[in-house]
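# Chain and residue survey
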Amino acid sequence: GAGVSQSPSNKVTEKGKDVELRCDPISGHTALYWYRQRLGQGLEFLIYFQGNSAPDKSGLPSDRFSAERTGESVSTLTIQRTQQEDSAVYLCASSLAKGRSYEQYFGPGTRLTVT
Amino acid sequence: ILNVEQSPQSLHVQEGDSTNFTCSFPSSNFYALHWYRWETAKSPEALFVMTLNGDEKKKGRISATLNTKEGYSYLYIKGSQPEDSATYLCAPTGTASKLTFGTGTRLQVTL
């Protein structure tokens, strides 16, 4: 079946602009996660959603970052007034449920470059 | 869960060699340990999820063990092949469902 998809695959933007990244999870997966990897660093948790519960936003680095998800479908991650330190690969993952022992299935990522 | 450490940072082996890496994590508040493989230009792929002390899981030539009391997990690759070249990430979870990833072990297997 179809895996997690993300768009765009690459995005180059100027400092100060807003960007929106999209994630389509695997159908039937109720949990959705956003991560990022900056150059030379590990995968960093940003936010996760589980159904209609309040999202866990504890990983968002600043109030310029926000994310939305409608039900158990598409999610968008928005970065306002982008800064050069926002340059990273942004990965989305989904899993069958909000569970600490459920495998997460990752999308191909969006490479964001802020110039 | 913080302070996830993986070693070595990188490893270069020849085809046919067996190898292993370590993931260390705080043993308190532990619930599960995930291993992922991340090949260049691809998405991270789940290898194992382990929860019980003494767990051992195997997938083909790759296996993993878990010691929750002392806070470590080993990943073993038997008879490494070039297609095993990737970054191997571990991620423990605690009371929250989010994963805290280590920085990974980058494995390069050459002919």
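A quick note: this is a predicted structure, and the numbers were derived from the prediction, not measured.

The number of helices and strands found in chain A is 0 helices and 10 strands. When the helices and strands of chain A are listed from N to C terminus, the series reads β-β-β-β-β-β-β-β-β-β. Over its C-alpha atoms chain A spans a radius of gyration of 13 Å, differing by no more than 12% from the 13 Å that the globule rule assigns to 115 residues. Overall size of chain A, expressed as C-alpha extent along the three principal axes, is 35 × 30 × 25 Å. A burial count over chain A gives 49% of its 115 residues as buried. Partitioning the intrachain contacts of chain A with sequence separation of at least 6 by distance along the chain shows that 56% fall at a separation of at least 24. When the accessible surface of chain A is summed, it comes to about 5,600 Å², and 43% of that surface belongs to carbon and sulfur atoms. Treating the 13 positive side-chain charges of chain A as one cloud and the 12 negative ones as another, the clouds have centres 2 Å apart.

We now examine the sheet that holds strand E6 (residues 56-59) of chain B. Working definition: the strands of a sheet are paired by backbone hydrogen bonds and lie parallel or antiparallel to each other. Residues and elements named next belong to chain B. Strand order in the open sheet formed by 5 strands is E1-E3-E8-E7-E6, and the pairing between neighbours is antiparallel. Each of the sheet's edge strands pairs with one partner strand only, and the pair in question is strand E1 (5-7) and E6. Strand after strand, the sheet turns through a mean of 15° between neighbouring axes, direction not considered.

Another aspect to go through is the state of the cysteines. Overall, the coordinates contain 2 disulfides over all chains when judged by the stated rule. Residue Cys23 of chain A pairs covalently with Cys92 of chain A via a disulfide, S to S 1.8 Å. Across the S-S bond linking Cys23 of chain A and Cys92 of chain A, the dihedral sits near -60°, which makes this disulfide left-handed. Here the residue Cys23 of chain A occupies a position in strand E3 (residues 19-24), and Cys92 of chain A occupies one in strand E8 (residues 88-95), the gap between them amounting to 69 residues. Assessed through its relative accessible area of 0%, Cys23 of chain A is described here as buried. Since its relative accessible area comes to 0%, Cys92 of chain A is described here as buried. Between the sulfur of Cys23 of chain B and that of Cys90 of chain B lies a disulfide, 2.0 Å long from S to S. Between Cys23 of chain B and Cys90 of chain B the sulfur-sulfur dihedral comes to about 75°; the bridge is accordingly right-handed. Note that Cys23 of chain B is positioned in strand E3 (residues 19-24) and Cys90 of chain B in strand E9 (residues 86-93), a separation of 67 residues in sequence.

The next point concerns the interface of chain A and chain B. With 20 residues of chain A at the interface, the matching set in chain B holds 21 residues. When chain A packs against chain B, close to 1,700 Å² is buried across both sides, 62% of that on carbon and sulfur atoms. For the pair chain A and chain B, the interface holds 2 residue pairs in polar contact (both at pLDDT 80 or more). Listing elements by their share of the side of chain A that touches chain B, those giving two or more residues are strand E4 (31-37) and strand E5 (43-50) of chain A. Each residue belonging to the side of chain A that touches chain B can be placed in one class, and the counts come to 9 nonpolar, 7 polar and 4 charged.

Residues and elements named next belong to chain B. Mapped onto the elements of the fold, Asp84 is located in the loop between strand E8 (72-77) and E9. Once the C-alpha coordinates of Asp84 and Arg37 are considered, the two residues, 47 residues apart in sequence, prove to be 8.9 Å apart. Apart from residues lying up to four places away in sequence, Asp84 is in contact with Arg37, Arg61, Ile77, Gly79, Leu107 and Val109.

Once that is clear, we can look at the sheet that holds strand E5 (residues 45-50) of chain B. All names here are of chain B. The strand order E2-E10-E9-E4-E5 describes an open sheet built from 5 strands, whose pairing is mixed. Two strands bound the open sheet, and with one partner strand each, they are strand E2 (10-14) and E5. The mean angle between the axes of side-by-side strands here comes to 20°, regardless of whether they run parallel or antiparallel.

Ranked by size, the top nonpolar core spans 21 residues in total, and within it Leu33, Trp35, Leu75 and Tyr88 of chain B carry the most contacts. Of all the elements in the fold, those that place two or more residues in this core are E3, strand E4 (32-38), E5, strand E7 (62-67), E8, E9 and strand E10 (105-110) of chain B. Listed in part, the 20 residues of the second largest apolar core include Val19, Phe49, Ile79 and Cys92 of chain A.

Cut-offs applied
- Residues numbered from 1 in each chain as written.
- Chains lettered and ligands numbered in written order.
- Predicted model: local features only at pLDDT ≥ 70, side-chain atom pairs only at ≥ 80, totals over all residues.
- Heavy atoms only, no water.
- Helix = DSSP H or I, 4+ residues; strand = E, 2+ residues; numbered from the N terminus.
- Rg over C-alpha atoms; globule rule 2.2 N^0.38 Å.
- Buried < 20%, exposed > 50% of the residue type's maximum accessible area, 1.4 Å probe, protein only.
- Contact = heavy atoms within 4.5 Å.
- Areas by Shrake-Rupley, 256 points an atom, 1.4 Å probe, with all protein chains shown as cover.
- Lys, Arg positive; Asp, Glu negative; His and termini not counted.
- Charge placed at Lys NZ, Arg CZ, Asp CG, Glu CD.
- Pairing = 2+ DSSP bridges.
- Axes fitted to C-alpha atoms, helices over the stretch in contact; angles between N-to-C directions.
- Disulfide = S-S within 2.5 Å.
- Buried area = accessible area lost by both parts, 1.4 Å probe.
- Polar contact = N/O pair within 3.5 Å; in protein donor to acceptor, adjacent residues only side chain to side chain.
- Nonpolar A, V, L, I, M, F, W, Y, C, P; charged D, E, K, R; others polar.
- Core = buried A, V, L, I, M, F, W, Y, C linked by side-chain atoms within 4.5 Å.

Take it as geometry only, folks, not as evidence of what the structure does.
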